[in-house]
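Structural features, examined
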2 protein chains.
Amino acid sequence: MTPLRGVLAPVITPFTPGLAPDPVRFQRHCAWLLAHGCAGLAPFGTTSEATSLGLDERKDLLEGLVASGLDPARLLPGTGCCALTETAALSAHAAALGCSGVLMLPPFYYKGVSEEGLFASYSEVIQRVGDARLRIYLYHIPPFTGVPLPIGLVERLLKAYPGTIAGVKDSGGDWAHSEALLGLAAQGLEVFVGSEVFLLRALRSGGAGCITASANVNPGALDQLFRRWREPGAEALQAGADRVRTSLQSHGPLVPAVKAVVAHFAQDPAWKTVRPPLVPLPETQTRALVEDLLEAGFAMPELS
Amino acid sequence: MTPLRGVLAPVITPFTPGLAPDPVRFQRHCAWLLAHGCAGLAPFGTTSEATSLGLDERKDLLEGLVASGLDPARLLPGTGCCALTETAALSAHAAALGCSGVLMLPPFYYKGVSEEGLFASYSEVIQRVGDARLRIYLYHIPPFTGVPLPIGLVERLLKAYPGTIAGVKDSGGDWAHSEALLGLAAQGLEVFVGSEVFLLRALRSGGAGCITASANVNPGALDQLFRRWREPGAEALQAGADRVRTSLQSHGPLVPAVKAVVAHFAQDPAWKTVRPPLVPLPETQTRALVEDLLEAGFAMPELS
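This part is about the packing of helix H11 (residues 254-265) of chain A against helix H12 (residues 283-295) of chain A. Residues and elements named next belong to chain A. Closest axis-to-axis distance for the H11/H12 pair is 10 Å, and the angle between their directions is 70 degrees. With respect to each other, H11 and H12 are oriented roughly perpendicular. Residues Ala257, Ala260, Val261, His264 and Phe265 of H11 form the contact with H12, whose participating residues are Thr286, Leu289, Val290, Leu293 and Leu294. When grouped by side-chain class, the residues that make up the contact of H11 with H12 number 8 nonpolar, 2 polar and no charged.

Where the parts come together, the accessible area they lose is often given as the size of the interface. Contacts between chain A and chain B engage 41 residues on the former and 41 residues on the latter. Where chain A abuts chain B, roughly 3100 Å² becomes buried across the two surfaces, and 64% of that area is made up of carbon and sulfur atoms. Across the contact surface, chain A and chain B share 0 salt bridges. Our count for the contact surface shared by chain A and chain B stands at 14 residue pairs in polar contact (both at pLDDT 80 or more). Put simply, the parts of the chain that give the side of chain A that touches chain B at least two residues each are helix H2 (55-67), helix H3 (84-96), helix H4 (115-129) and helix H5 (142-145) of chain A. Grouping the constituent residues of the side of chain A that touches chain B by class yields 22 nonpolar, 11 polar and 8 charged.

Let us look at the relation of the copies chain A and chain B. Mapping chain A onto chain B calls for a screw motion: a turn of 180 degrees about the axis and a shift of 0.0 Å along it, with 0.0 Å RMSD after fitting. Read as a symmetry element, the transformation amounts to a two-fold axis.

Residue and element names in this part refer to chain A. The terminal C-alpha atoms of helix H1 (residues 23-35) lie 18 Å apart, and with 13 residues this matches the ideal 18 Å at 1.5 Å per residue to within 8%. Looking at H1, one finds that the buried residues are Phe26, His29, Cys30, Trp32, Leu33 and Leu34. Here the buried face of H1 lies against strand E1 (6-9), strand E2 (40-41), H2, helix H9 (219-227) and H11. Taking the backbone nitrogen of Val24 as reference, a side-chain oxygen 3.2 Å away marks Asp22 as the first, capping residue of H1. With its phi angle positive at about 130 degrees, Gly37 sits one or two positions after the end of H1.

Note on sheets: strands pair through backbone hydrogen bonds, and any given pair is parallel or antiparallel. Residue and element names in this part refer to chain B. With parallel pairing, 7 strands are arranged side by side in an open sheet as E2-E1-E7-E6-E5-E4-E3. Since the sheet does not close on itself, it has two edges, and those belong to strand E2 (40-41) and strand E3 (102-104), each with one partner. Sheet topology note: the E3/strand E4 (residues 136-140) ladder contains 3 bridges and is parallel. Following the sheet pairing, Val102 is matched in E4 by Ile136.

Residues and elements named next belong to chain A. Here Thr13 is to be found in the loop between E1 and H1. Residue Thr13 is classed as buried on the basis of its relative accessible area, which comes to 0%. Discounting chain neighbours no more than four positions away, the residues touching Thr13 are Ser48, Glu49, Leu53, Leu61, Lys259 and Trp271.

Another point: the packing of aromatic side chains. Within this structure, the stated rule accounts for 19 aromatic pairs over all chains. Between Phe144 of chain A and Tyr110 of chain B, the ring centres sit 5.8 Å apart and the planes meet at 85 degrees, which makes this aromatic pair edge-to-face. Of this pair, Phe144 of chain A sits in helix H5 while Tyr110 of chain B sits in the loop between E3 and helix H4 (115-129), placing the two residues on different chains. For Tyr110 of chain B, a relative accessible area of 4% gives the class buried. One aromatic cluster is present, formed by Phe108, Tyr109, Tyr110 and Phe144 of chain A together with Phe108, Tyr109, Tyr110 and Phe144 of chain B through successive ring pairs. Just above the ring of Phe119 of chain A sits the side chain of Arg156 of chain A; from NZ or CZ to the centre is 3.9 Å. When the ring centre of Trp175 of chain A is taken as reference, the NZ or CZ atom of Arg201 of chain A above it lies at 5.1 Å.

A few words now on the confidence of the model for chain A. When pLDDT is averaged across chain A, the result is 97; 99% of the residues are at 70 or more. Confidence estimates for the predicted assembly give a pTM of 0.97 and an ipTM of 0.97.

On to the environment of Cys99 of chain A. All names here are of chain A. As for its placement among the helices and strands, Cys99 is situated in the loop between H3 and strand E3 (102-104). Sequence-wise, Cys99 and Trp271 are 172 residues apart; in three dimensions their C-alpha atoms are separated by 26 Å. Discounting residues that sit within four places of it in the chain, Cys99 has contacts with Met1, Leu62, Pro72, Leu75, Pro77 and Ala94.

Residue and element names in this part refer to chain B. Bridge analysis of strand E1 (residues 6-9) against strand E7 (residues 209-211) gives 3 bridges, and the strand direction is parallel. Each bridged residue has a counterpart across the sheet, and for Val7 the counterpart in E7 is Cys210. Judged from the 2 bridges that link them, E1 and E2 form a sheet pairing that is parallel. From the neighbouring strand, Leu8 faces E2, where its bridge partner is Gly40. Following the backbone out of E1, through helix H1 (residues 23-35) and into the adjacent parallel E2, one traces a crossover that is right-handed.

Further remarks concern the pairing of strand E4 (residues 136-140) of chain A. Residue and element names in this part refer to chain A. Taken across its 5 residues, E4 has 5 buried, putting it largely inside the fold. Burial along E4 is two-sided: the face carrying Ile136, Leu138 and His140 and the face carrying Tyr137 and Tyr139 are both buried. Examined bridge by bridge, E4 and strand E5 (residues 165-170) share 5 bridges and lie parallel to one another. Pairing of His140 across the sheet is with Asp170, part of E5.

All names here are of chain A. The N-to-C vectors of helix H10 (residues 234-250) and H12 enclose an angle of 170 degrees; their axes lie 9 Å apart at closest approach. When the axis of H10 is compared with that of H12, the two are roughly antiparallel. Contacts between H10 and H12 involve Arg243, Val244, Ser247 and Leu248 on the former and, on the latter, Leu289, Asp292, Leu293 and Glu295. Per-class residue counts for the contact of H10 with H12 are 4 nonpolar, 1 polar and 3 charged.

The next point concerns a negative patch on the surface. Taken together, the side chains of Asp56, Asp60 and Glu63 of chain A together with Asp56, Asp60 and Glu63 of chain B present a region of like negative charge at the surface. Those elements giving two or more residues to the negative patch turn out to be H2 of chain A together with helix H2 (55-67) of chain B. Mapped onto the secondary structure, Glu63 of chain A falls in helix H2. Assessed through its relative accessible area of 38%, Glu63 of chain A is described here as partly exposed.

A few words now on the environment of Ser247 of chain A. Looking at the element boundaries, Ser247 of chain A is found in helix H10. Since its relative accessible area comes to 1%, Ser247 of chain A is described here as buried.

Moving on, we get to the nonpolar core. Of all hydrophobic cores here, the largest spans 206 residues; its most connected members are Leu41 of chain A together with Leu41 of chain B. Once residues lying within four places of it in the same chain are set aside, the contact partners of Leu41 of chain A are Leu8, Ala9, Val11, Cys30, Leu33, Leu34, Leu70, Arg74, Leu75 and Leu76 of chain A.

About the criteria used
Residues numbered from 1 in each chain as written. Chains lettered and ligands numbered in written order. Predicted model: local features only at pLDDT ≥ 70, side-chain atom pairs only at ≥ 80, totals over all residues. Heavy atoms only, no water. Axes fitted to C-alpha atoms, helices over the stretch in contact; angles between N-to-C directions. Helix = DSSP H or I, 4+ residues; strand = E, 2+ residues; numbered from the N terminus. Parallel < 35°, antiparallel > 145°, perpendicular 65-115°, else oblique. Contact = heavy atoms within 4.5 Å. Nonpolar A, V, L, I, M, F, W, Y, C, P; charged D, E, K, R; others polar. Buried area = accessible area lost by both parts, 1.4 Å probe. Salt bridge = Lys/Arg side-chain N within 4 Å of Asp/Glu carboxyl O. Polar contact = N/O pair within 3.5 Å; in protein donor to acceptor, adjacent residues only side chain to side chain. Least-squares fit on C-alpha atoms with pLDDT ≥ 70 in both. Expected span 1.5 Å × (residues − 1). Buried < 20%, exposed > 50% of the residue type's maximum accessible area, 1.4 Å probe, protein only. Pairing = 2+ DSSP bridges. Phe/Tyr/Trp six-rings, centres within 6.5 Å; stacked < 30°, edge-to-face > 60°. Lys NZ or Arg CZ within 6 Å of the ring centre and 35° of its normal. pLDDT = per-residue confidence, 0-100. Right-handed = clockwise from strand over helix to strand, strands pointing away. Patch = residues over 30% accessible without salt bridge, like charges linked within 9 Å, V, L, I, M, F, W, Y side chains within 5 Å. Areas by Shrake-Rupley, 256 points an atom, 1.4 Å probe, with all protein chains shown as cover. Lys, Arg positive; Asp, Glu negative; His and termini not counted. Charge placed at Lys NZ, Arg CZ, Asp CG, Glu CD. Core = buried A, V, L, I, M, F, W, Y, C linked by side-chain atoms within 4.5 Å.

Right, here's the structure in full:
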């Protein structure tokens, strides 16, 4: 399978008023994202409130998505849980559905764990899944997990499981770390940055693309940057993308902000709903965010 | 139901060589703990590697424990997950089994969440369980969760759900925070400290006891301190307990250290096994730990 490259959206998860996942809105948003610039989708990421969903809820949403006709080769669902048994169960499920790969958080409850322990955890999952189709993208996001994935661990896993360790998503926000990972691109590691602010730099260094919250609302512009990064206008495209990112980040916590923007532009207030412990973006903040985005010339095409 | 008071053990979870939970060793250790000083048991705590277990594994172990004849009124199982649906499922299960209460972590993936979001999360769980038998002990352990439970949140929950919010376990390691919580004891809050080093101070301020890793190996001495805290020898008992705690803490990460001690004194190497991302205590560290404990006059009675 050709590895996914380009802009991937960690798809936001819609909820009903009773806080149940809403598969119809979910499928509609997924189809819209693929039609408007996303090369692939990474449902069940941090932006998706994945850890706020139960295992069955995640499996049901993924099965429904594939049943809706969406090509599983475009999917990179998140599967990393605290318990390796659950990570293995979700990963086996995704691989069996034909997903392009899985995005795997390390077990994130215990802090200060050894590289040896993290290696053992990923090894155990790979052996339990026991499916040659499994492609793992390691998910480095210490601001949430408190459990960084050191370069040495990535190298060791890549060496031990060359056909299985496919890539990494770096959401650490530290360009030096991304650069070190990009040094492994020659060994076949697909490196996605976790924010588009690093996209141009990453592409210039052999990166695979980005998996970013804002792809939920701004997939077209990000895709343009991905496609035209070698052209003279690339810096301007990066600046335009940064402008939208800054607006989203400066008006509230990112997940409720992204959902508020979709709710506004799709004229579908249901999108505002988040599961606790997150709370919806207050109306005043939403208005300020939307105004700021409009001022930047931002638009979302035919979203409904 | 009279609330549990005294020394509670966050029971270590034994694993088979294939890393499956071992219900027989688990039940045997639980019975031993109750026979040697523990007033109650808090299975599925941090020391239990709870988050490394799947939901079904936790339910099966708990059901097996109750089926083995252990009085559920002595049990305070941990039930807090990242997803409120899973927290509700485990809590409903524990309440239906007749457990004295549940020890509930906040959702711990998202950081910097608001007090409003945490309140909504606990509220939603309480409403979903919908069982008047539910008694919640809030579990404050920011070194692992990164999500502190502020005093204001505890007060608000206590006021909103006076029959349901029964207590708190404070594993923050900050006595000032414990003292603030103990100020709510008059309103019916049962305050357990998460380390015996604070036990005497907590009892002098109206605390309910402690829930501590070392109760897995030192229940008798801790129980003596709990029973005799008003007597002249209390300070010496506290010092003796501290000596064992210091030994455990200074010879390696606490969970593998506690398991290594049980493995050694029970002459049962199977206890050394931990689930990744934890790793077993190396042999040299184990020897040093055991020697240090023996030097301190430590013994574990008839553990087998």
